[in-house]
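Results of the structural survey
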Amino acid sequence: MTSRGAGTAFSRKNYRLSTEPEKARVTGMGLYLEAFIKCTVKSCTTSPNGFSATLLSDQVAEGRLGPFTVVLDHTSGFEGLLLVDDDLLGVIGHSNFGSIRATTCVYKGKWIYEVLISSQGLMQIGWCTLNCRFNQEEGVGDTPDSYAYDGNRVRKWNVTTTNYGKEGKLVEKDTSMWQLQGEPTVLITLAHIFNYFSPLMCKVYLVEDVLMTFLLSILERGGAVEAHPLIQQLLDLMWLLMEEYEVHECLKQLLMSLLRAYRFSPIIPDLGLQIHYLRLTIAVLKHEKSRKYLLSNVLFDVLRSVVFFYIKSPLRVEEAGLQELIPTTWWPNRFTKEGKESKEVKEESAEERLRRRAYERGCQRLKKRIEVVEGLQVQILKLLLNNKDRGGGEASRYIFLNKFRKFLQENASNRGNLTVLCPPEYMVCFLHRLIAALRFFWDGHKAKTPATLSSEEAYVPPQLFYNGKVDYFDLQRLGGLLSHLKKTLKDDLAAKANVLIDPAELQAVTMDDLDEDEESATSAAQRPSAALAIGGALARPGWLSSPTLGRANRFLSTAAVSLMNPRRPLGTLEKIKVRTLSVEQRTEEDIEGSHGNEGLLLGRPPEEPDQPITENSLLEVLDGIVMMYNLSVHQQLGKMVGVSDDVNEYAMALKDTEEKISRCPKRRRDIHEELLKSQKVFSEKLNHLSRRLAWINVTIYSKEKMQDVYWLLRVCIRTIEHGDRTGSLFAFMPEFYLSVAMNSYSALKNYFSPVNSMEELPGYEETLMRLAAILAKHFADSRIVGTDIRDSLMQALASYVCYPHSLRAVERIPEEQRISMMKNLLAPYEQRPWAQTNWILVRLWRGCGFGYRYTRLPHLLKTKPEDASLPSLQKPCPSTLLQRHMADLLRSDRDLAPSFLNSVLNQLNWAFSEFIGMIQEIQQAAERLERNFVDSRQLKVCATCFDLSVSLLRVLEMTVTLAPEIFLDWNRPSSELLLRRLAQLLNQVLNRVTAERNLFDRVVNLRLPGLESVDHYPILVAVTGILVRLGRHGPCSGAERATAVLLADPCFQLRSIQYLLGHTEPSALAAAAPATDKRHFSLHTYTEYISAEELAKVDKMLSHLSEESKQAAATTLPTSEEDLCPICYAHPISAIFRPCSHKSCKACINQHLMNNKDCFFCKATITGVDDFTKPASS
């Protein structure tokens, strides 16, 4: 006992360590530790003038040295002026620091002694070893070999001091037992235990076999993790009595052992093993000091900690006990041979209904068991995201943020290195658990601060993308590279967000030869003067970075910086100089902000509402979740759909086999037996796959997981909308936000059905419309410069208009945005990706064109498509509203129509010419005697050129139908030229395709794989639609004008028009007589695709052209070669150039002047074109 106050943690420097032979005694470590941790301190009353120490046992126990009755040792081991009672049970100190011992030593077992304090003052009571030597300055607790407690100041001592217990009470009665307040009294004897065991607790095999087993046995008693404080007490003792490096190694090995056990333990029906290991992980992480160490040094640095959030799929159904959980299997049987869901609603039999309900009950049982595991995984993340545990340093959440950001950087920067990447199946589970934990904290903050947004309204504010507080590594921005944006948009940043880019960064960007090491050194040297010039985030001066300052270092540096640079609120016109901070440089203040520093929200643009969103740290977690989905989650969601596809294929195979069994003749027993074997194989495979599919649907495609992805989609939509309002600053947004918005919608539409329907989600229609508005606006946004993201936006919009529900969403966006979208679609095709644009226009027209109501081409109906869910295989769903916008734009804008149609005609000429050239090469290769193989890539390009030609013809048909005056009203400047070019191309296509025994026929008859789409029907009906509408629309003069231009083209052949209806000339019939089995093309054979009304129009057109052709032939005068255009030799000379006076027809010169102003012949610059009429000859 010492009459002075101090306190500390215990040290064991003077105790010997365990030897190798003593390691055999480690097997009893669990019971031994448990016995000592449970020791309690009891109190009794003694004389009021001192203290007594009495052994509380009736007989001498092992582990004790000394007399039976314990008294004060007044002969040795004391220091100072002390008055001891005659019975040696009481003592009074009369000097400043007096110490005295008792007469008994204990070294084994559980021991207590009792003391009654009868006066005021500072006193320390504890244990010491024989090596302790006290003096007037040091008493019990002040030396390394002693441990003491000071109830007056509520502290414990062992050279240094820490808080301990509760003020005013040394002990308190709990039912019939007196206990020390706070942690259990740590007896000096425990030092001997850890003296022997600490070195062993660093060995992985002992940690896994002994320590982990002991800790698991504590949790086996049931109840919540909080109901077992023994684990927390053991961790307290480890940090108290073990060397720091030993505690670190022990915790590291313990977490690694838990990780291995969780990852490789077998999956049993109740998932008991996984639950057990997760509960122990939670118990360990509940200890604040252990959690922070593991989070800082182990979880993301040594371990792939996301393994704790993964629920592995069983390789074998028997392994997981799914046969017991789901005894009855079921699978959908609603698919046709093409792989699509049958639209015929068949009555479900009673047996099928019972099977389906039994299967669904089994799935629900499985779901409840997996939800227990998922709940424990979310608890782990809640511990890691705790921001209230600031004792002893940075809160757990901010450590997690920095480690999480590095984790994302590692997976974003090493996409090709699979050994470094986190497996995508782990990322999927991690994403869902992190969303659950994030929304828990987000809504918790909303409950405390009602002015903030709820998680349903969450988004990432745009200032995160340009203020440098969040590191996006080398990820592409919408406007290009970040370094480029900082230079080009620095004025916008200063004007809109009061942000100034650090000149040091701009200088470093422009110096190509700047060495990285020199750059980092320069940055470090300039940091005190060029860091964030706002309240808070200033760099620490070098003289404050000495490690000798210890834990006070952060406090001292903050105080010193505050004195040197007083914080002040940000003025309205004050510019903020920002510098990109690495993860290691950030502090809690950089994230959350304080004293006028907005942290992550620094640089709020005027378009952004001045409303608190949530805690800034949660915004960064949300940003990381979006990035994580883009890295690998979406890819994995698409991969797991393969199991559902396998179930559908086997179900169709089983159904087909059962039909064959029913049709098999009874006399063919051999066939019948083989069919029965096939039926058994398919049934067994379906039983296995249906149970595995149940597991996948619960863990990946459940309704809750679908809601997570839907929530993420809405977050991205709101983030893009807020970013778009900032004008030019929208270019700073990372590309992955747009990618996640498109991909998450695709996942909801394609991956989660038919188990869950997107239409059942709340706010589905509004979300669909807002996403449509984003696609319609940004697919041609000049602020977006990346080729890949622009193509992705175009493809997403093209897919959007293929489905009725999403097309209606496009029609519901504001009219101004619809018109702007159509105007961007009608922009000239040159110098931009035009194939997807053309495809969008075709989808808007499909279902309205001539013979254009098919889903699949007639000659491909008997073949099964590779993927029936492709957008190109969806039923036609034209949009008359968008067609009307297109017609209005073409009529009202006299410059838009010619430029658009000329580009379409140019691309049609190129695509069809390329197609003809390729089929010539294919035909030559097929006619060679030696065996030749045509390159599959060449076949694919050939088919693509053909498809492009057909789609371009359909766009021309759409234009002629909606706005015929563009071609037929020759009061418009370019109408005549457009009509002549159109007639020329139509005649060329007809002549190439309809000629008897021509190249096109021979290639089509080869039926080469890869050229399945090449056939007469799609291209001929497209041309027919244009011809029919040219003759039908507009006033009579317009139709007559179109007929005259068509007949005047030198390539026109009436035979080509007759070919459409199966009419052939007698000479052609005679030449084709030997091939009696050949079927001639005729529109009359496609009555399911072409209506009788449409066929009647073709008959009328053919009669009209035949009559006009005869009349034209009778009235046409012969033209000498001198009067023909020297360019095309098809039309008479009708134009003369100024100033050089060279001549040609109007069609040639008008087309030439679209791209070139030089004369054909002399290369002089043409200043004008006049009409030319040949003077009459004498």
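See the structure above.
Heads up: these notes are all about the structure in this document. Not measured: the values here are computed from a predicted model. (Residues numbered from 1 in each chain as written. Predicted model: local features only at pLDDT ≥ 70, side-chain atom pairs only at ≥ 80, totals over all residues. Heavy atoms only, no water.)

1. Some thoughts on the overall build of the protein
Secondary structure assignment for the protein yields 39 helices and 17 strands. In the protein, which comprises 1178 residues, the proportion classed as buried is 49%. Of the contacts formed within the protein by residues at least 6 apart in sequence, a portion of 73% connects residues at least 24 apart. Element-wise, carbon and sulfur atoms account for 53% of the exposed surface of the protein, whose accessible area totals about 55700 Å². (Helix = DSSP H or I, 4+ residues; strand = E, 2+ residues; numbered from the N terminus. Buried < 20%, exposed > 50% of the residue type's maximum accessible area, 1.4 Å probe, protein only. Contact = heavy atoms within 4.5 Å. Areas by Shrake-Rupley, 256 points an atom, 1.4 Å probe, with all protein chains shown as cover.)

2. Some remarks on the side chain of Glu608
Here Glu608 is to be found in the loop between helix 18 (588–592) and helix 19 (616–663). Summary of buried charges: Glu608 has no salt-bridge partner, and the nearest side chain of opposite charge, Arg725, is 5.5 Å away. Ignoring sequence-local partners within four residues, the contact set of Glu608 consists of Tyr459, Pro461, Pro462, Gln463 and His722. (Lys, Arg positive; Asp, Glu negative; His and termini not counted. Salt bridge = Lys/Arg side-chain N within 4 Å of Asp/Glu carboxyl O.)

3. As for the nonpolar core
Counting 292 residues, the largest nonpolar core has Phe400, Phe430, Leu434, Phe900, Phe915 and Leu1083 as its most contacted members. Take this core: its biggest share by element is 18 residues, from helix 19. Setting aside its immediate chain neighbours within four residues, Phe430 contacts Val306, Phe309, Leu381, Phe400, Phe404, Phe407 and Met628. Formed by six residues, the second largest nonpolar core is a distinct cluster that contains Phe1137, Ile1149, Leu1153 and Cys1159. (Core = buried A, V, L, I, M, F, W, Y, C linked by side-chain atoms within 4.5 Å.)

4. Some details on the environment of Leu381
Topologically, Leu381 is positioned in helix 10 (residues 350–384). Judged by its relative accessible area of 0%, Leu381 falls in the buried class. Placed 53 residues apart in sequence, Leu381 and Leu434 show a C-alpha to C-alpha distance of 6.8 Å. Every residue in contact with Leu381, bar those within four places of it in the chain, is listed here: Phe309, Phe400, Phe430, Arg433, Leu434 and Ala437.

5. Quick notes on the sheet that holds strand 16 (residues 1143–1144)
Pairing between the strands of a sheet comes from backbone hydrogen bonds, and it takes one of two forms, parallel or antiparallel. Spatial ordering of the open sheet is given by 16-15-17, a layout of three strands whose pairing is antiparallel. Strand pairing shows two members of the sheet lacking a second neighbour, strand 16 and strand 17 (1168–1171), which therefore form its edges. Sheet topology note: the strand 15 (residues 1135–1138)/strand 17 ladder contains four bridges and is antiparallel. Residue Ile1136 lies in a different strand from strand 17, and its bridge partner there is Asp1170. (Pairing = 2+ DSSP bridges.)

6. What about the pattern of salt bridges?
Applying the stated rule across the entire model yields 30 salt bridges. In this structure, Arg770 and Glu721 form a salt bridge, with 2.6 Å as the shortest nitrogen-oxygen distance. With a gap of 49 residues between them, Arg770 in helix 23 (residues 764–778) and Glu721 in helix 21 (residues 703–724) connect regions that are remote in the sequence. For Glu721, a relative accessible area of 21% gives the class partly exposed. Of the charged contacts, one joins Arg980 and Glu976 as a salt bridge, the two residues approaching to 3.1 Å between their closest N and O atoms. One end of the pair, Arg980, and the other, Glu976, are both in helix 32 (residues 975–994), four residues apart, so they sit about a helical turn from each other. Judged by its relative accessible area of 24%, Arg980 falls in the partly exposed class. Each of the salt bridges in this network shares a partner with another, and the network as a whole consists of Asp724, Lys777, Asp781 and Arg783.

7. Description of the packing of aromatic side chains
Within this structure, the stated rule accounts for 31 aromatic pairs. Summarising the aromatic geometry, the rings of Tyr852 and Tyr854 are spaced 5.6 Å apart at their centres and angled 75° between planes, so their arrangement reads as edge-to-face. Look at Phe946 and Phe1000: their rings are 6.2 Å apart centre to centre, the planes differ by 35°, and that puts the pair in the tilted class. Residue Phe946 is found in helix 30 (residues 936–962), and its partner Phe1000 is found in helix 33 (residues 999–1006); the two are separated by 54 residues along the sequence. A network of ring pairs unites the aromatic residues Tyr852, Tyr854, Tyr1017, Tyr1059, Phe1081, Tyr1086 and Tyr1089 as a single cluster. Cation over ring: Arg954 sits above Tyr852, and NZ or CZ is 4.0 Å from the ring centre. Positioned over the ring face of Phe1172 is Lys1143, at 5.4 Å from the centre of the ring. (Phe/Tyr/Trp six-rings, centres within 6.5 Å; stacked < 30°, edge-to-face > 60°. Lys NZ or Arg CZ within 6 Å of the ring centre and 35° of its normal.)

8. Focus on the sheet that holds strand 10 (residues 160–163)
Across the sheet, four strands lie side by side as 7-8-9-10; this open sheet has antiparallel pairing. Taken across any chain shown, the strands that pair with only one partner, and hence form the sheet edges, are strand 7 (125–128) and strand 10. Across the sheet, the mean angle from the axis of one strand to that of its neighbour is 15°, orientation sign disregarded. Bridging between strand 9 (residues 155–158) and strand 10 involves four bridges; their strand directions are antiparallel. Of the residues in strand 10, the one forming a bridge with Asn158 is Thr160. (Axes fitted to C-alpha atoms, helices over the stretch in contact; angles between N-to-C directions.)

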